[in-house]
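Report on the structure
Chain residues, written in single-letter form:
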Amino acid sequence: MALLLDRVLKKFIGIGALDVVLPDGEVRRYRGRQPGPVAAIEVKTERALKALLLNSGLAFGEGWMDGEIVAVDCTLEDVLHVLMLNMQENHHFLNRIEEKTRFLTRHLRQWNNQRRSRRNVAHHYDLNGALYDLFLDEDRQYSCAYFTSDDMSLEDAQREKKRRIAAKLVLDRPDLEVLDIGCGWGGMALTLAKEFGARVTGITLSREQLQVARERARAEGLDDRVRFELCDYRRVDRSFDRIVSVGMFEHVGIGQYDTFFATVSRLLRPEGVALIHSIGRSDGPGSTNPWINKYIFPGGYSPALSEVLPAVERSGLWMTDCEVLRLHYARTIAIWRTRFAANREKIKALYDERFCRMFEFYLTGAELSFRVQGHMNFQLQLTRSIDAVPFTRDYLCHN
């Protein structure tokens, strides 16, 4: 196994350098032709070594969670930086087979009907709510913030994100009826009601999020303007002036894109405006990393715009604006990682060491996917009518 891994890594490491300590203590060194980051790992067991060769995309994360793969005189970020940078450039034949198989079977893994969607959401969002208080902002915004300056706090950047979304929704009069698809813990819905006078219906598939959102609405005296429901978007049966969805589209599944946008079109009133905010990828269609799919977001997928826009076109909706946010999410996640690290012992008390290593692996890999692997966020403004939004984009700058 060590011999085969040696052959793979000699071809794989083309940028930077990686040292590998094998289970028997032998050290193998791999140097790329191009300069780059440097890291070292120890693979402690033969089991982990074999797994890396059979399914590296899943096995490396599992080995890290179990402590069978560890960083040596460097950080997890250093290690993943080397590996993810080289993934962009080099693939050995086993990786190519893995990726081709994942791509060809992705419709099956993402077939998110209503029953599967509820189960997938519960996997991540029904975790102990105290966890999210320990690394998110005070409003529990679990999506990309918007930074207008280098020294902006996470709280201010999340407020700015909500403000920009509200501007794109053109909330130009009070009492507009808004549907928030995938409302999370209610922060967006409450903001639209409190600051813009909207009447909001928020829907989620997470029982944990639903309970918190309802409690927040009552505590802020907004339960007459905001209501939250445990409901799949496909089951909503009345129309709205505005529709917003932030960080939910990644859970729709590629086989449901036509259904999603047809539903938005059906629910949106003739002069209505919708805003869809999602993670995407700039390098074309792909597949979800198997470790992410198993441990973090089952059924999840961050699409290329080339996969999304045909479904928008088939729905009959106008795409009246598209904005791509590049490094904003990398900065957001970097702050989450810092806060997670500061509260690691509290999080460990809620769960255990393996959970902490899992979540650290997830957050670190997620940040680097935006820095070195072409991930980004996009916001689509959609309407049914050609003149539903102002003639120029100046209104986005004056709200």
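Quick look at the structure, then. (Residues numbered from 1 in each chain as written. Predicted model: local features only at pLDDT ≥ 70, side-chain atom pairs only at ≥ 80, totals over all residues. Heavy atoms only, no water.)

**Some remarks on the sheet that holds strand β1 (residues 15–21)**
Threshold: Pairing between two strands is assigned when DSSP locates at least 2 bridges connecting them. Starting at the N terminus, helices and strands are each numbered in turn, a helix being any DSSP run of H or I of at least four residues and a strand any DSSP run of E of at least two. Orientation is described by axes fitted as lines to C-alpha atoms, over the contacting stretch for helices, and by angles from 0 to 180 degrees between their N-to-C directions.
Taking strand neighbours across the sheet as the criterion, the 4 strands line up as β2-β1-β3-β4 in an open arrangement whose pairing is mixed. The open sheet has two edge strands, β2 (27–31) and β4 (69–71), and neither has a second partner. When the angles between neighbouring strand axes are averaged without regard to direction, this sheet yields 25 degrees. Strand direction decides the pairing type here: β1 and strand β3 (residues 34–43), joined by 6 bridges, are parallel.

**Topic: the pattern of salt bridges**
Condition: Each reported salt bridge corresponds to a side-chain nitrogen of Lys or Arg within 4 Å of a carboxyl oxygen of Asp or Glu.
Considering all chains together, one arrives at 36 salt bridges under this definition. Here R28 ties to D6 by a salt bridge, and the two come within 3.1 Å at their closest N and O atoms. A residue pair is termed long-range when its members are at least 10 positions apart, and R28 in strand β2 and D6 in helix α1 (residues 2–12) qualify at 22 residues. We note a salt bridge from R47 to E68, for which the minimum N-O separation is 2.0 Å. In this pair, R47 sits in helix α2 (residues 46–54) while E68 sits in the loop between α3 (56–65) and β4, placing the two residues 21 residues apart along the sequence. It is possible to trace a salt-bridge network through shared partners that takes in D6, K10, E26 and R28.

**Quick word on the sheet that holds strand β6 (residues 199–204)**
Whether parallel or antiparallel, the strands of a sheet pair through hydrogen bonds between backbone atoms. For the record, the criterion: Whether two residues are in contact is decided by their heavy atoms: any pair within 4.5 Å suffices.
Reading across the sheet, the 7 strands line up as β7-β6-β5-β8-β9-β11-β10 and stay open at both edges, with mixed pairing between neighbours. With partners counted over all chains shown, the strands left at the sheet margins are β7 (226–230) and β10 (318–325), one partner each. Between one strand and the next, the sheet's axes are offset by a mean angle of 15 degrees, whatever the strand orientation. Sheet topology note: the strand β5 (residues 177–181)/β6 ladder contains 5 bridges and is parallel. Residue V178 lies in a different strand from β6, and its bridge partner there is V200. Against the sheet, helix α10 (residues 187–196) engages β5, β6, β7 and β8 (240–246), with an angle of about 155 degrees to β7.

**Concerning the packing of helix α9 (residues 154–168) against helix α15 (residues 328–342)**
Counted only if it meets this: The hand of a helix crossing depends on one turn: near helix anticlockwise from the far one by less than a right angle means left-handed, and clockwise means right-handed. Polar here means any residue outside two lists: the nonpolar Ala, Val, Leu, Ile, Met, Phe, Trp, Tyr, Cys and Pro, and the charged Asp, Glu, Lys and Arg; Gly therefore counts as polar.
Between α9 and α15, the least distance of the axes is 11 Å, while the angle of their chain directions is 145 degrees. Crossing angle aside, the handedness with which α9 passes α15 is left-handed. Seen from α9, the contacting residues are L154, E155 and Q158; seen from α15, they are T332, I335, W336 and R339. A breakdown of the residues in the contact of α9 with α15 according to their chemical character gives 3 nonpolar, 2 polar and 2 charged.

**Examining the pairing of β6**
This is how it is decided: Exposure categories follow from relative accessible area, calculated using a 1.4 Å probe and restricted to protein chains: below 20% of the type maximum is buried, above 50% is exposed, and the middle band is partly exposed. A clockwise course of the path from the first strand over the helix to the second, judged with the strands pointing away from the viewer, identifies a crossover as right-handed.
Summarising burial for β6: 5 of the 6 residues are buried, a large majority. Each parallel crossover has a hand, and the one from β5 via α10 to β6 is right-handed. Here β6 pairs with β7 via 5 bridges, running parallel. Following the sheet pairing, T201 is matched in β7 by R227. Handedness of the β-α-β unit built from β6, helix α11 (residues 207–219) and β7 comes out right-handed.

**Looking at unusual backbone geometry**
One non-glycine residue, R140, lies in positive phi territory at about 55 degrees. With respect to the helices and strands, R140 occurs in the loop between α8 (129–133) and α9. The buried category is assigned to R140, whose relative accessible area is 11%. Unusually for a residue other than glycine, V170 sits at a positive phi of about 55 degrees. Within the element layout of this structure, V170 appears in the loop between α9 and β5.

**A short note on the environment of L134**
Following the sequence through the fold, L134 ends up in the loop between α8 and α9. Take L134: its relative accessible area is 17%, and that puts it in the buried class. Taking the C-alpha atoms as reference points, L134 and A341, separated by 207 residues in sequence, lie 9.6 Å from one another. Setting aside residues up to four positions removed in sequence, L134 forms contacts with R339, F340, N343, K346, I347 and L350.

**So, the packing of α2 against α3**
Formally: Convention used here: angles under 35 degrees read as roughly parallel, angles over 145 as roughly antiparallel, angles from 65 to 115 as roughly perpendicular, and any remaining angle as oblique.
The interhelical angle for the contact between α2 and α3, taken along N-to-C directions, is 150 degrees, at an axis separation of 6 Å. In terms of orientation, α2 lies roughly antiparallel with respect to α3. The hand of the α2/α3 crossing is left-handed. Side by side, α2 and α3 meet where A51, L52 and L54 of the first sit next to S56, A59 and F60 of the second. Per-class residue counts for the contact of α2 with α3 are 5 nonpolar, 1 polar and no charged.

**Structural notes on the packing of aromatic side chains**
Quick note on the threshold: For Phe, Tyr and Trp, where Trp contributes only its six-membered ring, two rings pair if their centres lie within 6.5 Å, and the inter-plane angle classes them as stacked under 30 degrees, edge-to-face over 60, or tilted in between. By definition, being over a ring means that NZ of Lys or CZ of Arg is both within 6 Å of the ring centre and within 35 degrees of the ring normal.
As enumerated under the stated definition, the model contains 24 aromatic pairs in all. Look at F135 and Y142: their rings are 6.1 Å apart centre to centre, the planes differ by 75 degrees, and that puts the pair in the edge-to-face class. Note on accessibility: F135 and Y142 belong to one class, buried. For the pair F359 and Y362, a centre-to-centre distance of 5.1 Å together with 90 degrees between the ring planes defines the contact as edge-to-face. Of this pair, F359 and Y362 both sit in helix α17 (residues 353–372), 3 residues apart, which is roughly one turn of that helix. Exposure remark for F359: the relative accessible area of 0% places this residue in the buried category. Judged by its relative accessible area of 8%, Y362 falls in the buried class. The ring centre of Y146 lies 4.2 Å from the NZ or CZ of R164, which sits over that ring.

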